[in-house]
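Observations on chain architecture
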Amino acid sequence: MSTTEERLAAEKRMKYERVGLDAVDDRLGSSGFIQKALDKIFPDHWSFMVGEIAMYCFVVLLITGVYLALYYVPSAADVVYHPTPGHGYMPLAGQHMSEAYQSVLNISFNVRAGLVMRQMHHWAAVVFMAAIAFHLCRIFFTGAFRRPRETNWVIGLLLLLSVMLEGFSGYSLPDDLLSGTGLRVVFSIVESIPFIGTWLAFDLWGSQFPGSSLIPRLFVVHEFLFPLAIIGLLTAHLMLIWRQKHTDFPGPGKTETNIRGSRLWPQYAIKSGALLMIIFGVLGALGGLFQINAIWLYGPYNPYTVSAGAQPDWYVGWLDGSVRLWPHWEFRSFGHEIANPFFPGVLVPGIVFTIMFAWPQIDRLIYKDHVAHNLLDRPRDKPFRTAVGVGALAFFTDLTFASGTDLLGNDLHMPFERLIEILQYGVFVAPLVAGAIAYKTCQALQRTDAHPIMKPVGGILIRTADGAYHTLGDEHGAHGDHDGHGHAVDDHDGNGHAAAHDDDGNGSADGNGHAAEEVDEPAAGAAISGPDPSGS
Amino acid sequence: MTRTLKLLRRVLRGPASRRRILAGPAAVMALGVAAFAFMAVTGTAAQGANAPVSTNASDIAAGEQLFAAHCQSCHGVNGVGGTNGSPELIDAGAAAADFYITTGRMPLNATNNQALRHHSYFNATQTRDLVAYIADLPAINSAHPLPRVGEEAFNPTSPGIPTVAPLCTGPGTPSGCVTLSDGQRYYSLNCAQCHQAAGAGGMLSKGDIVPSLHNASLTQVAEAMRVGPSPMPVFGTGQLSAKQVSAIAQYVQYLHNPNNRGGLGISHFGPIAEGFVGIVIGFGVLMLASRLIGNRG
Ligand code: HEM
């Protein structure tokens, strides 16, 4: 409930804001936009912040990356390493290595804060991809990609691809044993592309593998090409969100034409700022406490050495797994053989990404739904889509496990061949089983309307006209009555939304921290009544 | 060179018809091998000395008793080998005996198991006696020849227990010392493809496990190279000189506790382990944080 103090504080704050805006307006004449921007509404559901985890990881990557770029030397020239005790890594003293590898050893052992920067950079990349993957899942399972947001789905996938490639090019820069092994695999996959493969591989590398042109080229790719692509795509991504406004879960007072939540200024900015600081803290802690990619143990890359258990970073693991699981089939036609790595290394990811890019269209065909949506689906209400998503996750998990077969086999004391066989069947069986379970679970959840993981917190106590009390949260079997009680109920425990408000005593959804905004999206209103022109 | 010898022996022991056909080429090859051996012996620097093995008759007798009690059921009387797949031990040599006993690989429980490291079953004295006995088996068998039953030893040149040269630690270190840098180079060339760059271990085909190297002592590492505990290949004196073996053994010892700059060494297991930590600890904490922050209005 709002108190007098809170109201006074709000008035005071607005006074300051106005002074600030006036100052800007006097100079730029732009306070209209800024006022609007500061009042922009962000939904109060935690899963909406995961996209922001991704964004802030990118910020950390940029900052640490610039520091690393000051010391990294993008050169494959052969040098002899001469560390002095206390300044450098003695067990590699006197060895031949590339200048690039030497510079990364220097960053790790000689440059002040170099190693912690390197480790933060790598951890940020690992967490970045986790956040993107989770964010993608949220968008997928809640149907946030539906009209009018299909474009942003495509931009998002382009972001995902760019970040993956950026990560892989970064992993290849130190020129240690793992980098080189990864690049060797990629060289072969590129070579396997029918007709153009050999030319393409020689063009990219500038010579036979490993050559000396790739490292400087990768540096340009990692330092300029992909970061610029990511910044551009991210800008487009955020501008579209700005323009189209956020989606939100259905809930009390939430309709297709409004959006509820916190204003950008001050509530959301504070939330977001807090998250930013936590992310810097967590990545700093990871970088300082947990070793990542100890390149000095892998040693410099030589084409004639390799290490057991060589794997890519986790987000490329599924591609490595795909190559490991593909059977040794040969395809010959018209006297030409299509080299084996082409199928698992190019075709499989090609198909996977095509389906992902086309999903909004596929989804539209499946549900014959051509209308614009600003309210999200609950995953259980679209069992088929949820089943497809869970199946896809099972598919990726199976392939990622395949990338760790040597470690798994050693740990489980299980023959390598058996493990590969199990995972080969798993590629087909796991998605079907996981999808079927997800489908059934959705149906069951629809029936009980309980939250799948959280037990209902709080509840709403109703006093009826004749003086009887009952709680709406734990009313089993009375689901048919939801409308009778007003829809406030089913969504409060549906997404854990109201629970938080009740906990912190902030009052009802109309408390002063909240605001509502009209969605000025013409499509939204119009499309509900009329059929979509592109429909069949 | 040992491989060549091994091949030669196998060829010479083949059926009579094959033997006749191969006699000519074998003679030529024998000449070549002799020449090669001569060059190898005279061409390389001084070989490292082997550690002394007891030749004391009472030790050998004690070893014989232990052998009869714990090993004979599989390896046969006088180590002629068993029909259950246990190899003959006559040519196994002191290094094999010491390695298999001190790493607890022998006595084995069942012959179809891969012999892997366990707690050593014998104390230092018993080990000395058994090693003395097995090192004496060629003499025992030439005195009382019995037909050999088991497969031949992994390295039939009966390698002795190698000694490992010390690390060069600064100006004043003894000549013949080795460097970690050489060890790293030879290790990544010869061992990392199976044992992983940081010695974490891995997997071969048909369910054979490549163990981690974090429990092997200096001597055991050197022995392993010379013996080649199947399915690991033998690294004979033609492949790795005594100095190179010492350098590798010292580097493996260093890997027990390597420079762990940068925190907890999960990266010894590679990017999969790192990804796990990044997702569970890093992303997990951030999810919790956004869960706590996110739902507040
Ligand atoms: C560089 C990686 C990415 C960053 C930094 C990023 C950032 C963001 C942020 C901050 C938001 C707003 C908050 C939210 O709704 O969660 C957002 C929304 C969105 N993202 Fe991403 N994102 C990335 C990748 C992706 C990917 C891979 C996809 C899907 C394939 C995607 C699809 C979307 C969509 C459709 C929205 C609008 C959803 C809505 O309004 O509810 N994004 N993104």
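A quick note: this is a predicted structure, and the numbers were derived from the prediction, not measured. (Residues numbered from 1 in each chain as written. Chains lettered and ligands numbered in written order. Predicted model: local features only at pLDDT ≥ 70, side-chain atom pairs only at ≥ 80, totals over all residues. Heavy atoms only, no water.)

**Description of the overall build of chain B**
Across its full length, chain B carries 11 helices and 2 strands. Each helix and strand of chain B, ordered N terminal to C terminal, gives the series α-α-α-α-α-α-α-α-β-β-α-α-α. The long-range share in chain B, meaning contacts at least 24 apart out of those at least 6 apart in sequence, stands at 67%. Accessible surface, chain B as shown: approximately 14,400 Å² in total, 61% of it carbon and sulfur. (Helix = DSSP H or I, 4+ residues; strand = E, 2+ residues; numbered from the N terminus. Contact = heavy atoms within 4.5 Å. Areas by Shrake-Rupley, 256 points an atom, 1.4 Å probe, with all protein chains shown as cover.)

**Section: the overall build of chain A**
Tallying secondary structure elements over chain A gives 20 helices and 9 strands in all. In chain A, which comprises 536 residues, the share counted as buried stands at 49%. For chain A, the proportion of contacts with a sequence separation of at least 24, taken over those separated by at least 6, is 76%. When the accessible area of chain A is evaluated, it comes to approximately 25,800 Å², of which 67% is carbon and sulfur surface. (Buried < 20%, exposed > 50% of the residue type's maximum accessible area, 1.4 Å probe, protein only.)

**Here's the deal with the site of the ligand**
Residue and element names in this part refer to chain A. Around the ligand sit 25 residues, and of these H135, R138, G156, H237 and T247 come closest. Within the side chain of H135, a nitrogen or oxygen atom sits 2.6 Å from a nitrogen atom of the ligand. Note that an oxygen atom of the ligand is positioned 2.5 Å from one of the side-chain N or O atoms of T247. Broken down by secondary-structure element, the contributors of at least two residues to the shell around the ligand are α3 (50-71), α5 (114-141), α6 (150-172) and α9 (214-244). Take the shell around the ligand: its biggest share by element is 7 residues, from α6. (Near = heavy atom within 4 Å. Polar contact = N/O pair within 3.5 Å; in protein donor to acceptor, adjacent residues only side chain to side chain.)

**Describing the coordination of the iron atom of the ligand**
All names here are of chain A. Ligation of the iron atom of the ligand by protein atoms is provided by H135 (NE2) and H237 (NE2), these donors lying 2.1 to 2.2 Å from the ion. Its 6 donor atoms give the iron atom of the ligand angles of 74 to 179 degrees at the centre, a pattern that matches the irregular case. Taken together, the residues span a long stretch of sequence, with H135 in helix α5 and H237 in helix α9 at a distance of 102 residues. (Donors = N, O, S within 2.8 Å, 3.2 Å for Na, K, Ca; no water. Tetrahedral: all angles 85-135°; square planar, octahedral: opposite > 155°, others 65-115°.)

**Here's the deal with the interface of chain A and chain B**
Contacts between chain A and chain B engage 71 residues on the former and 59 residues on the latter. Taking both sides of the interface into account, the surface hidden between chain A and chain B amounts to around 5,200 Å²; carbon and sulfur atoms contribute 66%. The largest share of the area that chain A buries against chain B comes from A:W46, A:Q291 and A:L297, three residues that together contribute 14% of it. Taken together, the links from chain A to chain B amount to 0 salt bridges. The tally of links between chain A and chain B comes to 21 residue pairs in polar contact (both at pLDDT 80 or more). When residues of the side of chain A that touches chain B are traced back to their parent elements, those giving at least two are α3, α4 (99-109), α5, α10 (264-289), α11 (295-298), α15 (405-412), α16 (416-448) and α19 (497-503) of chain A. Examining the composition of the side of chain A that touches chain B, we find that 10 residues originate from one element, α10(A), more than from any other. Each residue belonging to the side of chain A that touches chain B can be placed in one class, and the counts come to 42 nonpolar, 23 polar and 6 charged. (Buried area = accessible area lost by both parts, 1.4 Å probe. Salt bridge = Lys/Arg side-chain N within 4 Å of Asp/Glu carboxyl O. Nonpolar A, V, L, I, M, F, W, Y, C, P; charged D, E, K, R; others polar.)

**Focus on the nonpolar core**
Residues A:I53, A:L105, A:W123, A:L283, A:W296 and B:Y187 are the most contacted members of the largest nonpolar core, which totals 131 residues. Ranked by size, the runner-up nonpolar core spans 26 residues in total, among them B:F67, B:C71, B:L130 and B:I161. (Core = buried A, V, L, I, M, F, W, Y, C linked by side-chain atoms within 4.5 Å.)

**Looking at the environment of A:F202**
All names here are of chain A. Here F202 shows up in helix α8 (residues 197-205). On the basis of relative accessibility, which here comes to 34%, the residue F202 falls in the partly exposed class. Placed 12 residues apart in sequence, F202 and V190 show a C-alpha to C-alpha distance of 9.4 Å. Those residues within four positions of F202 in sequence are excluded, and the remaining contacts are F187, E191, S207 and Q208.

**Points about the packing of aromatic side chains**
All names here are of chain A. The tally for this structure, following the rule as stated, stands at 32 aromatic pairs over all chains. Seen in terms of ring centroids, W318 and F353 are 6.1 Å apart; in terms of plane orientation they differ by 55 degrees. Their pairing is tilted. A residue pair is termed long-range when its members are at least 10 positions apart, and W318 in helix α12 (residues 317-325) and F353 in helix α13 (residues 342-367) qualify at 35 residues. In this structure F353 comes out as buried when scored by relative accessible area, which is 11%. (Phe/Tyr/Trp six-rings, centres within 6.5 Å; stacked < 30°, edge-to-face > 60°.)

**Describing the side chain of A:D176**
Residues and elements named next belong to chain A. Within the element layout of this structure, D176 appears in the loop between α6 and α7 (177-191). One buried charged residue, D176, forms no salt bridge at all, with the nearest opposite charge on R118 at 6.8 Å. Every residue in contact with D176, bar those within four places of it in the chain, is listed here: Y101, N293, I295, Y298, G299, P300 and Y301. (Lys, Arg positive; Asp, Glu negative; His and termini not counted.)

**As for the environment of A:L214**
Residue and element names in this part refer to chain A. Along the chain, the position of L214 falls in helix α9. L214 sits in the buried class, given a relative accessible area of 10%. For the pair L214 and L173, spaced 41 residues apart in the sequence, the C-alpha separation amounts to 9.5 Å. Look past the residues within four positions of L214 in its chain and what remains in contact with it is L183, L204 and W205.

**With respect to the pattern of salt bridges**
All names here are of chain A. Overall, the coordinates contain 16 salt bridges over all chains when judged by the stated rule. Across the pair R146 and D369 runs a salt bridge, and its minimum N-O distance is 4.0 Å. Of this pair, R146 sits in the loop between α5 and α6 while D369 is found in the loop between α13 and α14 (383-402), placing the two residues 223 residues apart along the sequence. By relative accessible area, D369 is classed as buried at 18%.

**Quick notes on the packing of α5(A) against α14(A)**
Residues and elements named next belong to chain A. Following both chains from N to C, one finds α5 and α14 inclined at 155 degrees, their axes separated by 10 Å at the closest point. Looking at the two axes, α5 sits roughly antiparallel to α14. Contact residues: α5 offers C137, F140 and F141, while α14 offers R385, T386, V388, G389, V390 and L393. Residue classes in the contact of α5 with α14 are distributed as 6 nonpolar, 2 polar and 1 charged. (Axes fitted to C-alpha atoms, helices over the stretch in contact; angles between N-to-C directions. Parallel < 35°, antiparallel > 145°, perpendicular 65-115°, else oblique.)

**Describing the environment of A:F226**
Residue and element names in this part refer to chain A. Topologically, F226 is positioned in helix α9. Put simply, F226 and E166 are 60 residues apart on the chain and 5.9 Å apart in space, counted from C-alpha to C-alpha. Setting aside residues no more than four positions away along its own chain, F226 makes contact with S162, L165, E166 and V221.

**A look at the state of the cysteines**
Each disulfide consists of a covalent bond between the sulfur atoms of two cysteine residues. What the rule picks out here adds up to 1 disulfide over all chains. The partner cysteine of B:C168 in its disulfide is B:C177, sulfur to sulfur 1.9 Å. Sign of the S-S torsion, about 100 degrees for the bond between B:C168 and B:C177, identifies this disulfide as right-handed. For B:C177, a relative accessible area of 12% gives the class buried. Cysteine A:C57 shares no disulfide, and the gap to the nearest cysteine sulfur, in A:C137, comes to 16 Å. By relative accessible area, which is 0% here, A:C57 ends up buried. With no disulfide of its own, B:C71 lies closest to B:C74 among cysteine sulfurs, the gap being 8.7 Å. Using a relative accessible area of 14% as the deciding quantity, one classes B:C71 as buried. (Disulfide = S-S within 2.5 Å.)

**Observations regarding α4(A)**
Residues and elements named next belong to chain A. With 9 of 11 residues buried, α4 is to be regarded as a mostly interior element. All of the buried residues in α4 are A100, Y101, Q102, S103, V104, L105, I107, S108 and F109. Residues of α4 that are buried make contact with α3, β2 (78-80), β3 (96-98), α5, α9 and α11.

**Quick word on a nonpolar patch on the surface**
Residue and element names in this part refer to chain A. On the surface, V59, L62, I63, V220, F224, L228, I231 and F280 cluster together to form a nonpolar patch covering roughly 680 Å² of accessible area. Going through the elements one at a time, α3 and α9 are the ones with two or more residues in the nonpolar patch. Among the elements that take part in the nonpolar patch, α9 stands out by supplying 4 residues, more than any other. Topologically, V220 is positioned in helix α9. (Patch = residues over 30% accessible without salt bridge, like charges linked within 9 Å, V, L, I, M, F, W, Y side chains within 5 Å.)

**Considering the confidence of the model for chain B**
Residues and elements named next belong to chain B. In the predicted model, chain B carries a mean pLDDT of 82, and the fraction of residues at 70 or more is 82%. Long-range and interchain partners of residues 14-21, a stretch whose pLDDT sits below 50, account for 3 contacts in this model, where long-range means more than four residues apart. Here residues 35-47 is modelled with pLDDT under 50, and outside its nearest four sequence neighbours on either side it reaches 7 contacts, counting other chains as well. Overall fold confidence (pTM) sits at 0.81, and the ipTM for the predicted complex is 0.78. (pLDDT = per-residue confidence, 0-100.)

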